[in-house]
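In case you want the letters, here they are:
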Amino acid sequence: MAPSTRVFVSATSGDLRTVRRMVKEALLSMECHPVEQTNFPPDYRTVREMLNDKIKGCSAVIHIVGNRYGAEPDPALLPEGTLRRSYTQMEYDLARQLNKKVYVFLCPDHFPFDQCEHESIEKQQLQRAYRDQLNAAEQIRTEVADSDQLAVKVRELQVKLQELHQEVQRGKMAVAGGVAVLILVMGGLGYGIARLTGSVGSGNAQIDQAKQQIAAVQQTSEKIALSVMEVPQKTIAELQNVYDNPEKLAERMRANVRQKAEEELQAARDRKTMWEEIRELERSRDVALEKVDEVIQTIQQGLAGQPDAVFAEASRILADEGVDASLGYLSSHQQEILARVDRLEAREAEARQQKHQALQPLLLQADLQKTNLNWDAARKLFEIVAEKAPQWSRAHRELGRLLDDIAEFDAAEPHLTAALSLAESDDERVSASNELGILYLHQARYAEAEPLLQQVLQLSEKRHGPEHSEVAAALNNLAQLLKATNRLAEAEPLMRRVVDIFEKSLGADQPNVATCLNNLALLLKATNRLAEAEPLMRRALAIDEQSYGDQHPKVAIRLNNLAQFLQATNRLAEAEPLIRRALAIDEQSYGDQHPNVARDLNNLAQLLQATNRLAEAEPLLRRALAIDEQSYGDQHPNVASDLNNLAQLLQATNHLAEAEPLMRRALAIDKQSYGDQHPEVARDLNNLAQLLQATNRLAEAEPLMRRALAIDEQSYGTEHTDVARDLSNLAALLRATNRLAEAEPLARRALEIFQQSLGNQHTNTVTVRNNHAAIVLELEGR
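So, here's what we can say about the structure.

**A short note on the overall build of the protein**
On a plain count of helices and strands, the protein comes out with 34 helices and five strands. Across the 782 residues in the protein, those meeting the buried criterion constitute 49%. Put simply, the protein shows about 36400 Å² of open surface, and 48% of that area lies on carbon and sulfur atoms.

**Some details on the pairing of strand S3 (residues 60-65)**
Remember that side chains alternate between the two faces of the sheet whenever the strand is regular. For S3, a buried count of six out of six residues is recorded, marking the element as mostly surrounded by other parts of the structure. Where burial is concerned, the two faces of S3 agree: the one with Ala60, Ile62 and Ile64 and the one with Val61, His63 and Val65 are both buried. Relative to S3, strand S1 (residues 6-10) is paired through four bridges, and the arrangement is parallel. When the bridges of S3 are listed, Ser10 appears paired with His63. Relative to strand S4 (residues 101-106), S3 is paired through six bridges, and the arrangement is parallel. Within the sheet, the bridge partner assigned to His63 lies in S4 and is Val104.

**Details of the packing of aromatic side chains**
Applying the stated rule across the entire model yields two aromatic pairs. Where Tyr92 meets Tyr130, the ring centres are 6.1 Å apart and the plane angle is 80 degrees; that geometry is what we call edge-to-face. Note that Tyr92 is positioned in helix H3 (residues 87-97) and Tyr130 in helix H4 (residues 121-137), a separation of 38 residues in sequence. Here Tyr446 and Tyr674 contribute two aromatic rings whose centre-to-centre distance is 5.8 Å and whose plane-to-plane angle is 20 degrees, an arrangement assigned as stacked. Pair noted here: Tyr446 is in helix H19 (residues 446-464) and Tyr674 is in helix H29 (residues 656-674), with a separation of 228 residues, a long-range link.

**What about helix H24 (residues 553-568)?**
In this model, H24 (16 residues) spans 23 Å end to end at C-alpha, consistent with the 22 Å of a helix rising 1.5 Å per residue. Of all 16 residues in H24, 12 are buried; the element is thus mostly enclosed. Here H24 has its buried residues at Pro553, Val555, Ala556, Arg558, Leu559, Asn560, Asn561, Leu562, Ala563, Phe565, Leu566 and Gln567. Lining the buried residues of H24 we find helix H22 (511-526), helix H23 (530-548), helix H25 (572-590) and helix H26 (595-610). Where H24 terminates, the next one or two residues include Asn570, which has phi positive at roughly 70 degrees.

**With respect to the environment of Asn477**
Topologically, Asn477 is positioned in helix H20 (residues 469-484). Its relative accessible area of 13% is what places Asn477 among the buried residues. On a C-alpha basis, the gap between Asn477 and Met495 in space is 9.4 Å, while along the polypeptide they are 18 residues apart. Setting aside its immediate chain neighbours within four residues, Asn477 contacts Asn434, Ile438, Leu441 and Leu453.

**What about H29?**
In an α-helix, one full turn covers 3.6 residues, which means residues spaced three or four apart are oriented alike. With 19 residues, H29 should reach 27 Å at 1.5 Å per residue; the first-to-last C-alpha distance of 27 Å fits that figure. What H29 keeps buried is the set Leu656, Ala659, Glu660, Leu662, Met663, Ala666, Leu667, Ile669, Asp670 and Ser673. Positive backbone phi, at 95 degrees, marks Gly675, one or two positions downstream of H29.

**So, the pattern of salt bridges**
Taken as a whole and assessed by the stated rule, the structure comprises 47 salt bridges. For the salt bridge of Arg599 with Asp600, the shortest nitrogen-to-oxygen distance reads 3.1 Å. A relative accessible area of 26% places Arg599 in the partly exposed class. Glu744 is paired through a salt bridge with Arg748; the nearest N and O atoms lie 2.7 Å apart.

**A few points about the packing of helix H15 (residues 375-388) against helix H16 (residues 393-405)**
Where H15 meets H16, the closest approach of the two axes is 8 Å, and the angle between their N-to-C directions is 155 degrees. Between H15 and H16, the crossing angle belongs to the class labelled roughly antiparallel. In this structure, H15 crosses over H16, and the sense of that crossing is left-handed. Here H15 contributes Trp375, Ala378, Arg379, Phe382, Glu383, Val385 and Ala386 to the contact with H16, which in turn contributes Ala395, Glu398, Leu399, Leu402, Leu403 and Asp405. Its residues assigned to classes, the contact of H15 with H16 comprises nine nonpolar, no polar and four charged.

What counts, and where the lines are drawn
- Residues numbered from 1 in each chain as written.
- Predicted model: local features only at pLDDT ≥ 70, side-chain atom pairs only at ≥ 80, totals over all residues.
- Heavy atoms only, no water.
- Helix = DSSP H or I, 4+ residues; strand = E, 2+ residues; numbered from the N terminus.
- Buried < 20%, exposed > 50% of the residue type's maximum accessible area, 1.4 Å probe, protein only.
- Areas by Shrake-Rupley, 256 points an atom, 1.4 Å probe, with all protein chains shown as cover.
- Pairing = 2+ DSSP bridges.
- Phe/Tyr/Trp six-rings, centres within 6.5 Å; stacked < 30°, edge-to-face > 60°.
- Expected span 1.5 Å × (residues − 1).
- Contact = heavy atoms within 4.5 Å.
- Salt bridge = Lys/Arg side-chain N within 4 Å of Asp/Glu carboxyl O.
- Axes fitted to C-alpha atoms, helices over the stretch in contact; angles between N-to-C directions.
- Parallel < 35°, antiparallel > 145°, perpendicular 65-115°, else oblique.
- Left-handed = near helix turned anticlockwise from the far one by under 90°.
- Nonpolar A, V, L, I, M, F, W, Y, C, P; charged D, E, K, R; others polar.

Printed below as a string of structure tokens:
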């Protein structure tokens, strides 16, 4: 679904806080943008205008109705003759007046409401009257027992919301036909029925009573037969609560299953027979063609030099042998059989489509589990779908994407490769290419990722135009690859274009906007534009906390990035609680063996090392290295970063012999991953050179330092802090070898860069200032 679909979520805050948050998360996972109003000024007209503007900008409204009336405008300030309506009821009224699609969820008395203060009798009566009004006006009933099944029902709206968004995009939103309202009463068995019909989010919305459902079932028996094969046996037993004659219905369904299975078996027999016949015909054709070749060869040998006689004799012999007629018969008969095969394949395609529709509820449940970070449950459901539909591109794509999310990259690749090879439409090919490209990006297989991501961008622009949200997503992925391969000047305009597209299409407070703001901020940080980067990082964090709550893994990413920025600008006391909070979120979300946890451990260890708590830092670094080696293998750039971090700590604690092989291993990995001219290679060269200098191997260290300086100047320009670091390191080595005249201008240049970028009080600036002063004093003392 395109992520520009805006859906207004209407519910009282007191008793439905949990439900409203769950609905928002479900919409976000469906790439819809949830909109709500939580604070209300006292004036009736102001509120009404404010709500009108918000709902007017949405494609649909989800209206959740409990037993609580909720807040309302001051009755004394209402215009004369105006009925009392709570703010939540007012949202429903405005949606109807604006001809919006409205999906109403009625919660029964036994629904698990949040605890809140009791309302007055008067308000309770007003809310009961409102519920009675909805009951009297609407006809559709589908019961759901609790908030989890409500989440499923919300996700089942995905098809409707997608169709709605497409209508909006085409500018064909109907306004004359009134408002379609779906009432769902929560508290029973309706979810099981939704699975049996196999028409998630569509057919159920047109059925009133149980017998009407049976009639719809009977009209589409083949689809039902396929659906029943996917439904646990207990579901049929549960039908006793709904239908007058469940045994008869169940037997009818079983009969449909048997009939369908027999049809498939016979089709398989037919297919085998036909292909054997085709192969036999092909063998006959080959024999005939061989005879033609033999005859012509004989004639040519006997009548060489007489072409007219050759052709005449060949025609006579071929006619006598009947080869021409035989070939014609074979050709026409084969075409007839191939036409039969085409018809059979069309039937099979239709059956596959029906089976895929029957599997939709499992995919919806899997998505919900994934949204709630229940990785094992989501994986099991996605695996069931892939097993039951092994030739379905989407089944493999969804499973592969989940495995990528939980860092099981080796397991993800065959599924994403299968998704691409099985794709039957342009949309499927684009989606599969994108997911496979992202996997390669995560694995640092940049040469394999780039053509896929470039192709996704080109196809998306061709299909949707330059300002579509899918184009923005493709631009973002390609920009991340360009940044990873140190093509920062190419990446930045793509990132800025992504921000512009998302802000225009989604608004300024949507999670996709947060992601692209964060990515742009990291690039600005990498190019030393720190004053521009920080407000973008803080804005991204605020958006995601508002969208997902404060315990979501996306929030952990934002916390980490901001903490790294604060550490880089010497605000260590501000950084540490953010890193520890991120670590707690990721361990709770993923378990303790996920690469995101390794990232958090590394970041926390770096901060502990910066504050001289080395004994606390070392076990964190070793744990991070073990996680990443297990997740990525031993040749991944993340492993190289872990090795470098651990080696630097070992060097700081004077374990030099243990540190050196780790540094050399990190350098080899990064050269293999990035090539010889990447900043990560420059970092490795610098670290190794520092260790060589510490062990008095100055002649080995100097060329490494000069090479690192050249790489960073080429990558970042001459005024970057990494260049200043390289200059300072080289100046220190020159000073150690008594080349003070060479060292002084390098140290002075490093000081100027740090002063300009970090200010006079930063620890890096102070250190380089002291080093430069020492060199100057030594020069003057000569």
